[in-house]
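# Analysis of the macromolecular model
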Amino acid sequence: MLPMAAVAQVRMCSRISLVCLLLGSWALLSLCSGAPASGSESEANKSESSRSVSRNKSVKAFPVVTVDFAHVRSPFVVALWILLASVLKLGFHFLPKVSSIVPESCVLVCVGLIVGGLLKAVGETPPILKADVFFFYLLPPIILDAGYFLPTRPFSENLGTILSFAVLGTLWNAAFVGLLLFAVCQIQGSGLQHITLLPNLLFGSIISAVDPVAVLAVFEEIHINELLHILVFGESLLNDAVTVVLYHLLEEYASDPEIGAKEIILGILSFFVVALGGIFVGIFYGLIAAFTSRFTSRIRVIEPLFVFLYSYMAYLCSEIFHLSGIMALISCGVIMRPYVEANISHKSHTTIKYFLKMWSSVSETLIFIFLGVSTLAGQHQWDWIFISCTVMFCLIGRVLGVLGLTLILNRFRIVKLTPKDQFIISYGGLRGAIAFSLGYLLRDSFPRTLFLTAIITVIFFTVFVQGMTIRPLVELLAVKKKQDSKRSINEEIHTQFLDHLLTGIEDVCGHYGHHHWKDKLNRFNKKYIKKCLISGERSKEPQLIAFYHKMEMKNAIEMVVSGGLPKLPSSVSIQHVQRKDTLTERLLPTLTKEREEEVRKILRENLQKTRQRLRSYNRHTLIADPYEDQWNQILLKRQRLRSLDPRGSTYLTVPTGGRGSPPEQKPAESDATYFEPRDPTSDLPSITIDLASPFSSESVEIQNKGAVPGEDKGIVFSAKNPPNDENGSPNQRMQRFVSDPGPDNKPNDHFQS
Amino acid sequence: MGSTPSLPAWEIRNLANTTGFTSEQIEILHRRFLHLTDGKTTMGKDCFDNIPDLDCNPIKSRIVNAFFDGRNLGLQTSGTVDEITFENFLTTLSFFQHMDDNHTKEDLEYYKNEKLQFLFRMYDTNGDGKITLEELREIVDELLSKTSNAEKTSSSIADAAMLEAANICVGQMEPDQLYDGITFDDFLKIMQDLKIETKMHVRFLNMDTTAICK
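The numbers attached to residues start from 1 for each chain and follow its sequence in the written order. Chain A is the first chain written and ligand 1 is the first ligand written, with later ones labelled in order. Where totals are concerned, whole chains, interfaces and linings use all residues; where local detail is concerned, this predicted model gives features only for residues with pLDDT of at least 70, and gives and counts side-chain atom pairs only at 80 or more. Processing note: side-chain calculations cover all non-hydrogen atoms of the structure and skip hydrogens and water entirely.

This part is about the overall build of chain B. On a plain count of helices and strands, chain B comes out with eleven helices and zero strands. Counting from the amino terminus, helix and strand elements in chain B follow one another as α-α-α-α-α-α-α-α-α-α-α. Here chain B holds 214 residues, and the buried ones make up 49% of them. Helix numbering and strand numbering both begin at the N terminus, where a helix is a DSSP run of H or I of at least 4 residues and a strand a DSSP run of E of at least 2. Remark: exposure states derive from per-residue accessible area (1.4 Å probe, protein chains only) relative to the maximum for the residue type, with buried under 20%, exposed over 50%, and partly exposed in between.

Here's what the structure looks like:
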């Protein structure tokens, strides 16, 4: 009773303290932004007076404590904002009720509103989300994160659909909203006749673009299936080119009422230049980044930096020429990734992943907060007719556009889009901060305040109403959710097989289809590009092997980290799969020297902390460092384990993800007996393979057939015939795992040597 | 290509009924068939060597064998035939048609089954109804055939794949039980998530006759 109450009290206290902390910090922030102006003045005065005073008196007291906020001000304020945004995010997750109903973005906008209100109440002008800060600092991390981790297979499969939604859909939306608003403006009595056609079209183009930040923020929490996610998200990324072109075009010509054929042709041309130019800039920088990563094997620490900097340069370069920065970032990330991942170390890969996630998360938070703050900061002009019509037309336009496009697209698609899919796609067309920033950049010749108000209203409507209701709607409509299936080796084999099969069939028919070109591209990639961009012999590694090694590494790390017991011990092991007579074949995976080193290092680091884990990979480490002193402790622990869990996990090396090194198995006995070594007196060979020792050639053959001369492929060997049971030397029996303490003297034991 | 003997209309209609291709597709494919066989009416395995692009394909021999496999052609005898007629050619290609939603649900199920059977038969070369570990190893070997020093990893990849299959299909196994091979039902279970039947098609829609002469 008491502890429960105490816990509840502590929780309440922590929440209250959190809120107090937040409010206090916001107050501090407002003071900071306001105070330094006056502070610096008084400082200047003070220094002057002190100097004048010192002229009179030669002795001046040395100031022991000084306050000089002015010169720390900018970084201080920035850091404080980011810190508070992160603490807020933290607090959000402590309130489970709120986080299940309201998406994070809504809460952040609300907080922004509160802060803006506070700042205004204090009398300070709240900071507005400046377009420069947004486009140069807040947007790129989010887009890079999206681009680098873009799932390329579904993206390329649905590219046609995504492009048509992005280009045609956005154009349709812009035209629909713009023209209808112009019609509304022309109605007598609306008071809006001064807004001519072109400003309306410009407004339409700003408001029609689906925003990647908002889509990411909302869709991330609802976990819908991959197809819908990639369709809406891909559309939000690719429509940037259209938005940029339309915006600049209409802004240029808004003052000039003559729109002839020439302007339209220039516009279309400009679209291609912007889109393709952005992509080329991205590809260029991506290739350079991949090439640079080839040489980073000596300084692994700065590898992530190259990834980030090259991508950012791609973005900035494309902004120089007014090309589409978002497309540059996406193409840079997509191109760079396969090569960079083959070159960099595992730690760098983790670093890149987490840095990108961290930056994009912080950016997102800041964007939404600033949206809230900026709402209260600027001037507003509220016009019921204009704004309500805008919201209505946006919604209707989106729905009509999606429906119409799907009708056409479904004739070409194999997996058709169902009405449920169409509903989610149209409902997921959220507007966000990009629209706001673009509106902010408008010149004053436009009815800027009215437009900004309307944009903010639409954004709020989509983020709040659509963002909050999409989750219950997804549940209601029973839309397929994301399947958390790990990619299995079977899937990889069959997918590759099918690709080759379809390419073959296309060749037989003489039809140069989709698969034919994809196959040609793959071959070109393998033959030329990979050789340039990937270091070492990994350039020749086929995809299947690379995938397999990646999976093995992942499994090894998982096993070590999870404390030695796999989550779902399966009782299927390699013996079930192989016939007895074929078991003598070796079943060791081949790892290259560097890979082995990496695996060894990872395992050693983790194994040093935890004692009771000996996995099959230990075979490699065991060769170098025998675990003799830990053996007894391990035995004791195993005995304890045995009493706890008789089933145990003999097949510890067989996680559900599939493995290459099979464990040993005792066919008839229960697992418990495994935990006792049979002959503790005999040398417990941690090292059981000694390359130098002369094995009888009949029993063991050390193969290094496949080794590239001069390259040590590690220890690979196989047994030709099963070694003799009676006088099987312990050298040939590997005691590999704690769970399999060693082969028995049973004749029908399966073992490898 | 000059004057090629075209099929009589009744034969085209017949073939359209049995295989489901449209008459234009049948004509185009007939021209391709004649191009490959150099005008003869039956096709042998060597005709496939005329296709240069196919040589780069790692599973070329399997594809060629699939055309000559008796089970695919609906023959009573299992085993390969030596020569195939145009009708056999079309029958094999018809496995790669796309089944649109105009068909009934049972039809779609039937076609899906047929496609997966075709795929299964390509894996199961000796025809015993099971994909054994050796057959899986052969497949992986072929997929990796263009690379050197891949023999060792290929067998461990095959082992891992078989383990996974056993895991999915049988789950908990007694220590004595041996998992012989992947039967067709197991194959279906593994393929469930992949929805291979939606991907296993070639678009015969826009086939340009000029591109065919290669």
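Before going further, it helps to examine the overall build of chain A. When its secondary structure is counted, chain A shows 25 helices and two strands. In chain A, buried positions account for 52% of the 753 residues. Once local pairs closer than 6 in sequence are excluded, the contacts in chain A between residues at least 24 apart make up 80%. Working definition of accessibility: Shrake-Rupley area with a 1.4 Å probe, residue cover restricted to the visible protein chains. Of the accessible surface of chain A, which amounts to about 35800 Å², a share of 65% is contributed by carbon and sulfur atoms. Any pair of residues with heavy atoms lying within 4.5 Å of one another is described as a contacting pair.

This next bit is on the side chain of Glu506(A). With respect to the secondary-structure elements, Glu506(A) resides in helix α19 (residues 489-509). You can call Glu506(A) buried: its relative accessible area is 2%. In this structure Glu506(A) touches His511(A), Gly513(A), His514(A), His515(A), His516(A) and Val202(B), once residues within four positions along its chain are discounted.

Turning our eyes to something else, we now look at helix α9 (residues 184-191) of chain B. Among the residues of α9(B), those classed as buried are Phe184(B), Asp186(B), Phe187(B), Ile190(B) and Met191(B). Buried residues of α9(B), seen end-on, are gathered within an arc of 155° and therefore sit on one face of the element. The reported arc concerns the directions from the helix axis to the C-beta atoms and nothing else.

So, about the confidence of the model for chain B. On a scale of 0 to 100, pLDDT captures the predictor's confidence in every residue. Looking at chain B, the pLDDT average stands at 73 and 76% of residues meet or exceed 70. Of all secondary-structure elements in chain B, the lowest mean pLDDT belongs to helix α11 (residues 209-212) of chain B, at 41, while helix α6 (residues 105-123) of chain B reaches the highest, 81.

Below, the discussion takes up the packing of helix α10 (residues 226-253) of chain A against helix α13 (residues 325-343) of chain A. Residues and elements named next belong to chain A. The geometry of α10 relative to α13 is characterised by a closest axis approach of 7 Å and an angle of 140° between their N-to-C directions. With respect to their mutual orientation, α10 and α13 come out oblique. Contact with α10, carried on its side by Leu237, Leu238, Asp240 and Ala241, involves Gly325, Ile326, Met327 and Ile330 of α13 and no other residues of that element. Ten residues, namely Ala, Val, Leu, Ile, Met, Phe, Trp, Tyr, Cys and Pro, are considered nonpolar, four, namely Asp, Glu, Lys and Arg, are considered charged, and the remaining ones, Gly among them, are considered polar. The class makeup of the residues in the contact of α10 with α13 is six nonpolar, one polar and one charged. Comment: axis = line fitted to C-alpha atoms, over the contacting stretch for helices; angle = value between 0 and 180 degrees taken between N-to-C directions. By definition in this entry, angles of less than 35 degrees are roughly parallel, angles greater than 145 are roughly antiparallel, angles of 65 to 115 are roughly perpendicular, and the rest are oblique.

Generally speaking, nonpolar side chains in soluble globular proteins are found buried as a group. Within the largest apolar cluster, 134 residues are counted, with the highest numbers of intra-cluster contacts made by Phe134(A), Leu139(A) and Phe386(A). At 14 residues, the largest contribution of residues to this core is made by α10(A). In contact with Leu139(A), not counting residues within four places along its chain, are Phe134(A), Val213(A), Tyr315(A), Ile326(A) and Ile434(A). Side-chain atoms within 4.5 Å link the members of a nonpolar core, which is a set of buried Ala, Val, Leu, Ile, Met, Phe, Trp, Tyr and Cys residues. Ile545(A), Phe95(B), Phe118(B) and Phe187(B) belong to the second largest nonpolar core, which has 67 residues in total.

All names here are of chain B. Look at helix α1 (residues 9-19) against helix α2 (residues 23-37): their axes get within 9 Å of each other, and the N-to-C directions meet at 105°. The angle between α1 and α2 falls in the class roughly perpendicular. Contacts between α1 and α2 involve Ile12, Leu15 and Ala16 from the former and Ser23, Ile26 and Glu27 from the latter. Of the residues assigned to the contact of α1 with α2, the class counts are four nonpolar, one polar and one charged.

What follows concerns the environment of Leu197(A). All names here are of chain A. Within the fold, Leu197 resides in helix α8 (residues 197-208). C-alpha separation for the pair Leu197 and Glu491, spaced 294 residues apart in sequence, amounts to 55 Å. Aside from chain neighbours lying at most four places away, what touches Leu197 is Leu179 and Phe182.

Moving on to a nonpolar patch on the surface. Residue and element names in this part refer to chain A. A contiguous nonpolar surface patch, about 430 Å² in accessible area, is contributed by Trp172, Met392, Leu395, Ile396 and Leu400. Per-element accounting of the nonpolar patch gives the leading share, four residues, to helix α15 (residues 384-409). Note that Ile396 resides in helix α15. Looking at Ile396, the relative accessible area reads 40%, which means it is partly exposed. Patch membership requires more than 30% relative accessible area and the absence of a salt bridge. Residues of like charge join within 9 Å; the nonpolar side chains Val, Leu, Ile, Met, Phe, Trp and Tyr join within 5 Å. We count a salt bridge whenever a side-chain nitrogen from Lys or Arg sits within 4 Å of a carboxyl oxygen from Asp or Glu.

Moving on: the confidence of the model for chain A. All names here are of chain A. Summing up the model confidence of chain A, the mean pLDDT is 72 and the portion of residues at 70 or higher is 65%. Per-residue pLDDT stays below 50 along residues 580-590; that stretch engages in 35 contacts with residues further than four places along the chain or on separate chains. Within the model, pLDDT remains below 50 along residues 611-629, and this stretch shows 59 contacts once partners closer than five positions in the same chain are excluded.

In this section: the pattern of salt bridges. Residue and element names in this part refer to chain A. Using the criterion set out here, one finds eleven salt bridges over all chains in the structure. With a closest N to O distance of 3.8 Å, Glu341 and Arg337 form a salt bridge. Placement of both Glu341 and Arg337 in helix α13 is noted, with a separation of four residues, approximately one turn of the helix. Overall, the relative accessible area of 22% leaves Glu341 in the partly exposed class. Under the relative-accessibility criterion, Arg337 is labelled partly exposed at 25%. Among the charged side chains, a network of salt bridges with common partners joins Arg153, Glu157 and Asp499.

As a further point, take the side chain of Asn343(A). Structurally, Asn343(A) is set in helix α13. Discounting residues that sit within four places of it in the chain, Asn343(A) has contacts with Ala290(A), Ser293(A), Arg294(A), Arg300(A), Glu303(A), Leu533(A), Ile534(A) and Ser535(A).

This part covers the packing of aromatic side chains. Stacked, edge-to-face and tilted are the three classes for Phe, Tyr and Trp ring pairs, Trp counted by its six-membered ring, which pair at centre distances within 6.5 Å; planes under 30 degrees apart are stacked, over 60 edge-to-face, the rest tilted. Counting across every chain of the model gives 23 aromatic pairs over all chains. Here the aromatic rings of Phe284(A) and Tyr285(A) are separated by 5.5 Å at their centres, their planes lie at 80°, and the arrangement is edge-to-face. A residue is classified by how much of its surface remains accessible, and Tyr285(A), at 12% relative accessible area, is buried. Taken together, a centroid distance of 5.7 Å and an interplanar angle of 55° make the contact between Tyr110(B) and Tyr111(B) tilted. Residue classification places Tyr110(B) among the partly exposed positions, given a relative accessible area of 48%. In textbook terms, an aromatic cluster arises when at least three aromatic residues are bridged by ring pairs, as seen for Trp172(A), Phe176(A) and Phe393(A). As a reminder, the over-ring test applies to NZ of lysine and CZ of arginine, requiring each to be within 6 Å of the ring centre and within 35 degrees of the ring normal. A cation sits over an aromatic face here: Arg337(A) above Tyr148(A), 5.7 Å from the ring centre. Against the face of Tyr440(A) rests Arg448(A), its NZ or CZ located 4.9 Å from the ring centre.

What follows covers unusual backbone geometry. Residue and element names in this part refer to chain A. Phi angles above zero are rare outside glycine, and His223 is one such case at about 55°. Under the relative-accessibility criterion, His223 is labelled partly exposed at 43%. The residue His322 is not glycine, and still its phi comes out positive at about 60°. The topology assignment puts His322 in the loop between α12 (303-320) and α13.

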